[in-house]
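Each chain, written out:
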Amino acid sequence: MGSGEPNPAGKKKKYLKAALYVGDLDPDVTEDMLYKKFRPAGPLRFTRICRDPVTRNPLGYGYVNFRFPADAEWALNTMNFDLINGKPFRLMWSQPDDRLRKSGVGNIFIKNLDKSIDNRALFYLFSAFGNILSCKVVCDDNGSKGYAYVHFDSLAAANRAIWHMNGVRLNNRQVYVGRFKFPEERAAEVRTRDRATFTNVFVKNFGEDMDDEKLKEIFSEYGPTESVKVVRDASGKSKGFGFVRYETHEAAQKAVLTLHGKSMNGKVLYVGRAQKKIERLAELRKRFERLRLKEKSRPPGVPIYIKNLDETIDDEKLKDEFSSFGSISRAKVMVEVGQGKGFGVVCFSSFEEATKAVDEMNGRIVGSKPLHVTLGQSRRRW
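Residues numbered from 1 in each chain as written. Predicted model: local features only at pLDDT ≥ 70, side-chain atom pairs only at ≥ 80, totals over all residues. Heavy atoms only, no water.

1. A few points about the overall build of the chain
Consideration 1: Helix and strand counts for the chain stand at 11 helices and 24 strands.
Consideration 2: Here the C-alpha radius of gyration of the chain, 28 Å, is well above what a compact globule of 382 residues would show, namely 21 Å.
Consideration 3: Taking all 382 residues of the chain together, the buried fraction comes to 40%.
Consideration 4: The average position of the 67 basic charges and that of the 48 acidic charges among the side chains of the chain differ by 6 Å. (Helix = DSSP H or I, 4+ residues; strand = E, 2+ residues; numbered from the N terminus. Rg over C-alpha atoms; globule rule 2.2 N^0.38 Å. Buried < 20%, exposed > 50% of the residue type's maximum accessible area, 1.4 Å probe, protein only. Lys, Arg positive; Asp, Glu negative; His and termini not counted. Charge placed at Lys NZ, Arg CZ, Asp CG, Glu CD.)

And the structure:
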């Protein structure tokens, strides 16, 4: 079934631990079904379907742990893309140490693929260039989205694939094959390129009474515009932000330099280059990671969230308003361009203090507005 001969030059040794990752699984696949599928390949230690820790719903992947590495290798070489529950699954070596995957070394990106090319076809197309750790065509409910990723176990193999396959026609479509770039890297490239050429300007914090004509009147002073749009909600009410597209980069740049930070109707205007989608996503990832690290290092506490804060309320005033209810470890008003965004958070040392603050402060008028106060989730159980 599988030979016990060593791999030449120790190839795959760092992955070969007798455990396989099984991806693209149907939601109804169980551990028992995995066991029955892979048992003919050799003795198994266990099978596992990974599930959401809260809902216990399957996540679409799992692991098969063999007793002997040779059997795992045989399964990988002969059973990849077999069907289970009518759906082809994807196999790769289980890699508990994900540093190689996160490094991006050996990873390539392919786009403009014909929809008929699936995981199996992609695997066999690129396996000629080296040992493949993982290979995936990105799909949605309508099938292939026309792009894919292949991760080789070495940079040399990835470079060979790029050299030989970039620009090749597959099923009458010329494909692009290049080095995988992390979203942050691609966003930085787009940002650098767009800064010298942008014509689309993002404007926010101008209040609810602004309409397209007023916005155009303000921004047309810096050059001819192609389009001006105030973004509105379903009821037609302004969301307080919009876009201005100029005919030239010079006009757009002049508007940004002149109007950003200016006061308008008592509010500080934000005017900047309109970001591309990839930039916004990269920024959100960074923000989420910063919040995650900040939350991890933050001392335990029971947070309450306060909305509809008066513009005059800062961190100190917020802490003063709530200090009578108990010991506060943190009080923070969220700000943007030096102005409060109308909401904040206060962390108490106990659940009892936090609930008392919610009971007594919710609906109370502070400044000129009634507060909306709710209980958050603590980082540990109390």
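There is more to say after this.
2. Here's the deal with the UniProt feature "domain: RRM" (unreviewed entry) in the chain
Consideration 1: Feature annotation in UniProt assigns "domain: RRM" (unreviewed entry) to the following positions: residues 18–96, 106–182, 199–276 and 302–378.
Consideration 2: For residues 199–276, the helix share is 24%, the strand share is 38%, and the end-to-end C-alpha distance is 12 Å. (UniProt positions renumbered as here; feature names shortened; annotations may be inferred.)

3. Details of the pairing of strand β1 (residues 19–23)
Looking along a regular strand, one sees side chains alternate from face to face of the sheet.
Consideration 1: Where burial is concerned, most of β1 is hidden: five out of the five residues are buried.
Consideration 2: Here β1 shows no split at all, with A19, Y21 and G23 on one side and L20 and V22 on the other all buried.
Consideration 3: One ladder, built from four bridges, connects β1 with strand β3 (residues 58–66); its direction is antiparallel. By the bridge assignment, A19 is partnered in β3 with N65. (Pairing = 2+ DSSP bridges.)

4. Some points on unusual backbone geometry
Consideration 1: Here the phi dihedral of N85 falls at roughly 60°; this positive angle occurs in a residue that is not glycine.
Consideration 2: Assignment of secondary structure puts N85 in the loop between β4 (83–84) and β5 (87–88).
Consideration 3: N85 sits in the partly exposed class, given a relative accessible area of 43%.
Consideration 4: Residues other than glycine seldom take positive phi values, yet N112 does so here, at roughly 70°.
Consideration 5: Within the secondary structure, N112 sits in the loop between β7 (107–111) and α4 (119–126).

5. A closer look at the pattern of salt bridges
Consideration 1: In the structure shown here, the tally under the stated rule is seven salt bridges.
Consideration 2: Across the salt bridge formed by D24 and K136, the nearest N and O atoms sit 2.8 Å from each other. You can see D24 sitting in the loop between β1 and α1 (31–38) and its partner K136 sitting in strand β8 (residues 132–140), a full 112 residues away along the chain.
Consideration 3: Judged by its relative accessible area of 31%, K136 is partly exposed.
Consideration 4: One salt bridge connects E311 with K369, and the closest N-O pair in it is separated by 3.4 Å. Residue E311 is found in the loop between β19 (302–307) and α10 (315–322), and its partner K369 is found in strand β23 (residues 369–370); the two are separated by 58 residues along the sequence.
Consideration 5: Relative accessible area serves as the criterion here: at 23%, K369 is assigned to the partly exposed category.
Consideration 6: Bridged by salt links that share partners, the residues D24, R90 and K136 form one connected network. (Salt bridge = Lys/Arg side-chain N within 4 Å of Asp/Glu carboxyl O.)

6. What to know about the nonpolar core
Consideration 1: One finds I108, I110, L113, L122, F126, V150 and F152 to be the most contacted residues of the largest nonpolar core, which totals 22 residues.
Consideration 2: The dominant element in this core, judged by the number of residues it contributes, is helix α5 (residues 155–165), at four residues.
Consideration 3: With residues up to four places along the chain from it excluded, the contact list for I110 reads L122, F126, G146, Y147, A148, V150, V175, Y176 and V177. (Core = buried A, V, L, I, M, F, W, Y, C linked by side-chain atoms within 4.5 Å. Contact = heavy atoms within 4.5 Å.)

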